[in-house]
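Structure at a glance
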Amino acid sequence: MYHQIGQPSPRGTPYRGLTVHPASFRRQMAWMRRLGYRGLSMRDLMPYLQGQKQGRVFGITFDDGYVNVLANALPVLRELGFTSTNYFVAHRFGGTNEWDHANGVPSAPLMSREQARQWVAGGQEAGSHTLDHPNLPDLAPEAAFEQIHSSRQELQQALDAEVTAFCYPYGHETPALRDMVRRAGYISATTTSGGLAGPADDLFGLPRVTVARSTHIVRFLQKCLTRLEDKKRHA
């Protein structure tokens, strides 16, 4: 699970750790390739999550659709032959991370529709992160379903691409929300809960491995290639 790939904000900035330096991202991807692993989007990962295939694969996801991911991550992914999923906020193309401003997080530009189309044209997947990035459990059921269902429809129309992957804003979800995602036509949904995803997991409540600015390469490999992250699984 990545967010931004760029120059981290000044020391002391809230959530500074969610911006991974481009050199760190390249090093992480190169090491996984060197060790025989292939990075995959959620769509491409599905046969492995469903137990239909086995192999040295790992999923790559980016939340929110930042411009710096297009600029700094896409060239690396294409060079290595990896695919990934970027979860876009359907009503925020060309905007900023407004949902973070109240917490003091610096403004960062999000991809425009045309840039998101470049992402898809570059062999990557577009997923949904709702219409407006709300905290879904706070919404009435009808409003929550609108955020989940309509974002898929709008993204498919805007990007001329099928959208089957969903990501819960802030990672907050419930059994009822998982069911809404399923009914809206998605085939997977990711959370922010730690852990290595596998065939035993609910496809609509998949855990992820958080990669932060401070995640050095040895810890990154421990997170991805050992059972370290499974210690973070929610009971």
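The structure this text deals with has already been given above.
About the criteria used
- Residues numbered from 1 in each chain as written.
- Predicted model: local features only at pLDDT ≥ 70, side-chain atom pairs only at ≥ 80, totals over all residues.
- Heavy atoms only, no water.
- Helix = DSSP H or I, 4+ residues; strand = E, 2+ residues; numbered from the N terminus.
- Rg over C-alpha atoms; globule rule 2.2 N^0.38 Å.
- Buried < 20%, exposed > 50% of the residue type's maximum accessible area, 1.4 Å probe, protein only.
- Pairing = 2+ DSSP bridges.
- Right-handed = clockwise from strand over helix to strand, strands pointing away.
- Polar contact = N/O pair within 3.5 Å; in protein donor to acceptor, adjacent residues only side chain to side chain.
- Phe/Tyr/Trp six-rings, centres within 6.5 Å; stacked < 30°, edge-to-face > 60°.
- Salt bridge = Lys/Arg side-chain N within 4 Å of Asp/Glu carboxyl O.

Another aspect to go through is the overall build of the protein chain. Along the protein chain, the regular secondary structure elements total eight helices and ten strands. Taken over the C-alpha trace, the protein chain has a radius of gyration of 17 Å; the compact-globule value for 235 residues is 18 Å, and the two agree within 12%. Dimensions along the principal axes, computed over C-alpha positions, put the protein chain at roughly 45 × 40 × 35 Å. Going through the 235 residues of the protein chain one by one, you find that 52% of them count as buried.

Here the focus is the pairing of strand 6 (residues 85-88). Alternating residues of strand 6 divide into Thr85 and Tyr87 and Asn86 and Phe88, and every residue in both groups is buried. Bridge analysis of strand 5 (residues 61-64) against strand 6 gives four bridges, and the strand direction is parallel. The residue bridging Asp64 from the neighbouring strand is Phe88, located in strand 6. Across four bridges, the pairing between strand 6 and strand 7 (residues 125-128) is parallel. Bridged to Asn86 within strand 7 is Ala126. Following the chain from strand 6 across helix 5 (residues 113-121) to the adjacent parallel strand 7, one finds a crossover that is right-handed.

So, on to the side chain of Gln147. Within the secondary structure layout, Gln147 lies in helix 6 (residues 141-159). Take Gln147: its relative accessible area is 9%, and that puts it in the buried class. Among the polar contacts listed, one links the side chain of Gln147 to the backbone nitrogen of Leu131, at a separation of 2.9 Å.

As enumerated under the stated definition, the model contains eight aromatic pairs in all. Their ring planes at 55° and their centres at 5.9 Å tell us that Phe25 and Phe62 sit as a pair that is tilted. Of this pair, Phe25 sits in helix 1 (residues 22-34) while Phe62 sits in strand 5; the two residues are 37 residues apart in sequence, bridging distant segments of the chain. Summarising the aromatic geometry, the rings of Phe62 and Trp119 are spaced 5.8 Å apart at their centres and angled 90° between planes, so their arrangement reads as edge-to-face.

To continue, consider unusual backbone geometry. Its identity is not glycine, yet Asp160 carries a phi of approximately 50°, on the positive side. Mapping Asp160 onto the fold places it in the loop between helix 6 and strand 8 (165-167). Residue classification places Asp160 among the exposed positions, given a relative accessible area of 65%. For Tyr170, which is not glycine, the phi torsion reads 65° and is therefore positive.

For the rest of this paragraph, the subject is the pattern of salt bridges. For the structure on display, the rule yields eleven salt bridges. Arg26 serves as the salt-bridge partner of Glu79, at 3.2 Å between the closest nitrogen and oxygen. With Glu79 in helix 4 (residues 74-80) and Arg26 in helix 1, this pair connects stretches of sequence that are 53 residues apart. Judged by its relative accessible area of 53%, Glu79 is exposed. A salt bridge links Arg92 to Asp132; its shortest N-O distance comes to 3.3 Å. Of this pair, Arg92 sits in the loop between strand 6 and helix 5 while Asp132 sits in the loop between strand 7 and helix 6, and the two are 40 residues apart along the sequence. Asp132 sits in the partly exposed class, given a relative accessible area of 27%. By sharing partners, the salt bridges in this structure join Glu173, Arg178, Asp179, Arg182, Arg183 and Asp202 into a single network.

Positionally, Pro75 belongs in helix 4. Residues Pro75 and Gly122, 47 residues apart in the sequence, show an inter-C-alpha distance of 8.9 Å.

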